[in-house]
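# Survey of secondary and tertiary structure
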There are 2 protein chains.
Amino acid sequence: MTDQTTTQQDDFASKVQYARASGDYQSLMNAIPYAAVIGAEVLQQEGELLFRLPRNPDNIGNPLLPAIHGGVIGGFMELAASIQVLIRAEPMGLPKLIDFSLDYLRAGRDQDTLVDCQIWRQGVRVANVAITAWQSDRQQPIATARAHFLLSASFGVEGLSPS
Amino acid sequence: MTDQTTTQQDDFASKVQYARASGDYQSLMNAIPYAAVIGAEVLQQEGELLFRLPRNPDNIGNPLLPAIHGGVIGGFMELAASIQVLIRAEPMGLPKLIDFSLDYLRAGRDQDTLVDCQIWRQGVRVANVAITAWQSDRQQPIATARAHFLLSASFGVEGLSPS
């Protein structure tokens, strides 16, 4: 482990600590480069944590409809789940994704997408999360997904090891 | 259906036709905005179709390792599968993703990622695809996934309807 890695870890750990203490979760989102690329946002509405992917022509996958690429929707749902786990499950380190299963229900139109996440079970090592994405109508989701996260013991630099 | 939509459909349909006839599959990839954002490439090696996601700092999800965001890997694997189906299964329209299940096996490092896709079954309406992603060693995949695609009857503008 280099000194630089240690500094980056301290940096990220302090960002997580700051976000939890202040409730400024967007700062946490901004620390993730991929989140900036797709333009992911954290919303807090009436005590509920939601995530928004603003409309962006770059996210189009099917130029005919036009529809958002499934990969963006899936990636955004994964991202939202990992932020939710980081904030709510309070793991010591960055949660690691074990698996992710996604059902597409409707085409994602070229408009804002909203996501909510439910941590259905939080064990010592694993958290189960359900993720729902919708656009104009929350009762008409465009996709639902579930994910398992490994709650690692520390902000370590070791690779993903599900054992 | 507007005239503009019809023109876009004709455009995309002719791009698909051109790519199939010429073997220039990259042109097909380039027609998808999200593919350009993540920088996805089509490779043809010894008659085998592979997909490459070149190393890109924007795709980082875990700034500590650094590791590629799972959402980028998943999204790229989805994209690769849809291009593979478009080329090999030769549906009349753009294949529609029904579901996608992903196991993360190792952290995706900040380097090139390669993907291959196998169409395990192609029915009249549905294709089953297995997708494998690796980096330095093909025998040590970083993720495996499977997807179902609905092979629609035409380059229609209707939404995703799995019936």
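Our structure's up above, just so we're on the same page.
Attention in this report is confined to the structure presented alongside it. (Residues numbered from 1 in each chain as written. Chains lettered and ligands numbered in written order. Predicted model: local features only at pLDDT ≥ 70, side-chain atom pairs only at ≥ 80, totals over all residues. Heavy atoms only, no water.)

### Focus on helix α4 (residues 70-89) of chain A
Residues and elements named next belong to chain A.
- If you check α4, its first and last C-alpha atoms are 27 Å apart, about what 20 residues at 1.5 Å a residue would give, namely 28 Å.
- Burial of α4 is extensive: 19 of the 20 residues sit out of reach of the surface.
- Just downstream of α4 lies Glu90, where phi reads positive at about 50°. (Helix = DSSP H or I, 4+ residues; strand = E, 2+ residues; numbered from the N terminus. Expected span 1.5 Å × (residues − 1). Buried < 20%, exposed > 50% of the residue type's maximum accessible area, 1.4 Å probe, protein only.)

### A word on the pairing of strand β5 (residues 96-104) of chain A
- Direction of pairing for β5(A) relative to strand β8 (residues 143-150) of chain A: antiparallel, over a ladder of 8 bridges. Paired with Ser101(A) across the two strands is Arg146(A), which belongs to β8(A).
- Two elements, β5(A) and strand β5 (residues 96-104) of chain B, share 5 bridges in a ladder whose sense is antiparallel. Bridge pairing in β5(B) places Ser101(A) opposite Ser101(B). (Pairing = 2+ DSSP bridges.)

### Observations concerning unusual backbone geometry
- Unlike most non-glycine residues, Glu46(A) shows phi in positive territory, near 50°.
- For Glu46(A), a relative accessible area of 86% translates into the label exposed.

### Section: the pattern of salt bridges
Residues and elements named next belong to chain B.
- All chains considered together, the criterion is met by 8 salt bridges over all chains.
- One salt bridge connects Glu48 with Arg138, and the closest N-O pair in it is separated by 2.7 Å. On the criterion of sequence distance, the pair formed by Glu48 in strand β2 (residues 48-53) and Arg138 in the loop between β7 (126-134) and β8 (143-150) is long-range, its members being 90 residues apart.
- Classification of Glu48 by relative accessible area gives partly exposed; the value is 28%. (Salt bridge = Lys/Arg side-chain N within 4 Å of Asp/Glu carboxyl O.)

### Some remarks on the environment of Gly123(A)
- Mapped onto the secondary structure, Gly123(A) falls in the loop between β6 (113-122) and β7 (126-134).
- For Gly123(A), a relative accessible area of 16% gives the class buried.

### Quick word on the environment of Arg121(B)
All names here are of chain B.
- For Arg121, the location among the structural elements is in strand β6 (residues 113-122).
- Put simply, Arg121 and Ala89 are 32 residues apart on the chain and 9.7 Å apart in space, counted from C-alpha to C-alpha.
- Other than its neighbours up to four places away in sequence, Arg121 contacts Val126, Ala127 and Asn128. (Contact = heavy atoms within 4.5 Å.)

### Details of the sheet that holds β8(A)
- What the 12 strands build is an open sheet, ordered β1(A)-β2(A)-β6(A)-β7(A)-β8(A)-β5(A)-β5(B)-β8(B)-β7(B)-β6(B)-β2(B)-β1(B); its pairing is antiparallel. What marks the edges here is a single partner per strand, and that holds for β1 (41-45) of chain A together with β1 (41-45) of chain B. Across the sheet, the axes of successive neighbouring strands diverge by a mean angle of 25°, strand direction being ignored.
- Bridging between β6(A) and β7(A) involves 8 bridges; their strand directions are antiparallel. The partner of Asp116(A) across the bridge, within β7(A), is Thr132(A).
- Lying on the sheet, α4(A) is in contact with β2 (48-53), β5, β6, β7 and β8 of chain A together with β5 of chain B; it crosses β6(A) at an angle near 50°. (Axes fitted to C-alpha atoms, helices over the stretch in contact; angles between N-to-C directions.)

### Some details on the side chain of Asp116(B)
Residue and element names in this part refer to chain B.
- With respect to the helices and strands, Asp116 occurs in strand β6.
- A distance of 2.5 Å separates polar atoms of two side chains, one belonging to Asp116 and the other to Arg138.
- Other than its neighbours up to four places away in sequence, Asp116 contacts Glu48, Leu49, Leu50, Ala130, Ile131, Thr132, Trp134 and Arg138. (Polar contact = N/O pair within 3.5 Å; in protein donor to acceptor, adjacent residues only side chain to side chain.)

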